[in-house]
Amino acid sequence: MKKLTLLTAAAAGSLIFGFDAAIAQETTAPEFAAAADTAYIFNTLLFLIGGFLVMFMAAGFAMLEAGLVRSKNVSMQCLKNIALYSIASLMFWIFGYNLMYDGVDGGFIGSFTPKAIPAPDADAGDYAAASDFFFQLVFCATTASIVSGTLAERIKLWPFLIFTVVLTGFIYPIAGSWQWGAGWLSEMGFSDFAGSTLVHSVGGWAALAGAFVLGARKGKFGADGQVHALPGSSMPLATLGTFILWLGWFGFNGGSQLAMGTIADASSVARIFVNTNAAAAAGVVVAIVATQIMYKKVDITMALNGALAGLVSITAEPLTPSIFMAVVIGGIGGIIVVIVVPLLDKLKIDDVVGAIPVHLVAGIWGTLAVPLTNDGTSFGTQIVGIVSYGVFAFVASLVIWVILKATIGVRVTEEEEALGLDKAEIGVEAYPEFGVGSQRV
């Protein structure tokens, strides 16, 4: 009986051991397969997480602009922002992506073909092709958002949307191909890590061209040279928009590492986050101190734009600076806002939200600052890139704005401007209960 028990136990043990061995054999292969796929998965996740953070910046721009325009124009700004994001999403698929990346090969332009997304079982490479497409798409939409704020309160809806089609489908992708598409500026050694020039200055140049053609809002500048403040509808909304943009910027800069499949890449993304945050914080503090010194009062709009200017400034090179240098770079962005905003007023250029100082001028500064911390770059090459992008983006945008003005017109009538674009252009007021109050502003 005991012998039988021992034999039974031995048999049972053999079966259990064999079963465990079989389990181990079955699980070992997938573990090895998972290890081989780890870089692909993490790289794809970086693109997707970075992409939806940058997509959320569309909400940030919408809220920032809604807060900085007068209450009678808030619905219009919200409509423009959701429309421009949607247009960019379609145009970047139809033309933009391949114009930017397909067959540039050291040249000036890619191909005029739609982007094709491979099936999952044919999606070779270091990351999912669709994740890269989505990540690049949201950058394109950001460029158009910059233009929206500058031209607020006096531009017609449809000319703006038509310009957005051209900007997101052609102007931005062609410009982007010169550097990120391995075009001629990339061959020269120009460096713009996440787009101080490629995204922000290109959008700023387009906005500046539009401001020249469109002219200032009625009542902004007096005949005697005085500048009349036209207060925004909601500082809480503008502040919320700024914080959303600040959050989205971690995807903007961090995702531009373009890889998170190694310890070095993961560490680089973390370092980019810290430098991005430090630059934004420095921009705020410097703007607060500067406005207190210059105007004896702290201006909340300058503080908000100081954060954004700090973020734009560090975007050209968020990886190589120390935290101290990130603070210096971002702090100078804050000074730029405080200086350039009143300078634009003296030049009678009406920029409703301050996008030109924040995105154009701070973008130029950030691109110029790259050689301060990146030994592989030179000031000469950076200047060539800045000038090239400036000439192309401004001239191309100016031509489109002039054509639109000569054909369908770009500006609403004085009566419509006074009534507010919510009523005149789209028929939906953001704050219908306070309509009378908005007319007094």
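The coordinates are above.
Caption draft 1: Seen up close, the packing of aromatic side chains. Counted under the stated rule, the structure contains 23 aromatic pairs. Measuring from centroid to centroid gives 6.1 Å for F212 and F394, while their planes differ by 90°, and the two rings are edge-to-face. Here F212 is found in helix 6 (residues 196-214), whereas its partner F394 is found in helix 12 (residues 379-407), with 182 residues between them in sequence. Following the ring pairs from residue to residue traces out a cluster consisting of F47, Y127, F135, F139, W180, W249 and F252.

Caption draft 2: Region of the structure containing the nonpolar core. With 56 residues, the main nonpolar core has F92, F139, W249 and F252 as its most contacted residues. Put simply, the parts of the chain that give this core at least two residues each are helix 1 (2-68), helix 2 (74-101), helix 3 (129-150), helix 7 (235-254), helix 8 (263-295), helix 9 (300-315), helix 10 (323-346) and helix 11 (355-373). What F92 contacts, discounting residues up to four positions off in sequence, is Y97, M100, F133, Q136, L137, C140, T168, Y172 and P173. By size, the runner-up hydrophobic cluster in this structure holds 43 residues, among which are I329, V340, I349 and L421.

Caption draft 3: Structural view of helix 4 (residues 157-177). When the terminal C-alpha atoms of helix 4 are compared, their 29 Å separation across 21 residues agrees well with the 30 Å that a helix rising 1.5 Å per residue should span. Within helix 4, 17 of the 21 residues are buried, which leaves the element mostly enclosed by the surrounding structure.

Caption draft 4: The arrangement of the pattern of salt bridges in detail. The tally for this structure, following the rule as stated, stands at five salt bridges. A salt bridge links R217 to E153; its shortest N-O distance comes to 2.5 Å. Here R217 is found in the loop between helix 6 and helix 7, whereas its partner E153 is found in the loop between helix 3 and helix 4, with 64 residues between them in sequence. For E153, a relative accessible area of 1% translates into the label buried. Residue E414 pairs with K218 through a salt bridge whose shortest N-O separation is 3.6 Å.

Caption draft 5: Region of interest: the environment of L185. Positionally, L185 belongs in helix 5 (residues 184-188). The exposure class of L185 is buried, given its relative accessible area of 0%. Here the alpha-carbon distance between L185 and G385, two residues 200 residues apart in the chain, equals 6.7 Å. With residues up to four places along the chain from it excluded, the contact list for L185 reads W178, Q179, F190, V384, G385 and Y389.

Caption draft 6: Examining the side chain of N43 more closely. Note that N43 resides in helix 1. The class of N43 is buried, set by a relative accessible area of 6%. In this structure, N43 is in contact with D126, Y127, A259, M260 and G261, ignoring residues within four places of it in sequence.

Caption draft 7: Region of the structure containing the environment of S378. With respect to the element layout, S378 can be found in the loop between helix 11 and helix 12. According to the relative accessible area criterion, S378 is partly exposed, its value standing at 32%. Distance in space between the C-alpha atoms of S378 and V352 is 35 Å, their sequence separation being 26 residues.

Caption draft 8: Structural detail: the side chain of Q179. Looking at the element boundaries, Q179 is found in the loop between helix 4 and helix 5. Side-chain polar atoms of Q179 contact the backbone oxygen of F190, separated by 3.1 Å. Among all residues touching Q179, those that are not within four sequence positions of it are L185, S186, F190, S191, D192, L198 and Y389.

Rules and cut-offs
- Residues numbered from 1 in each chain as written.
- Predicted model: local features only at pLDDT ≥ 70, side-chain atom pairs only at ≥ 80, totals over all residues.
- Heavy atoms only, no water.
- Phe/Tyr/Trp six-rings, centres within 6.5 Å; stacked < 30°, edge-to-face > 60°.
- Helix = DSSP H or I, 4+ residues; strand = E, 2+ residues; numbered from the N terminus.
- Core = buried A, V, L, I, M, F, W, Y, C linked by side-chain atoms within 4.5 Å.
- Buried < 20%, exposed > 50% of the residue type's maximum accessible area, 1.4 Å probe, protein only.
- Contact = heavy atoms within 4.5 Å.
- Expected span 1.5 Å × (residues − 1).
- Salt bridge = Lys/Arg side-chain N within 4 Å of Asp/Glu carboxyl O.
- Polar contact = N/O pair within 3.5 Å; in protein donor to acceptor, adjacent residues only side chain to side chain.

Note that every value here comes from positions in space, so none of it alone points to a role or purpose.
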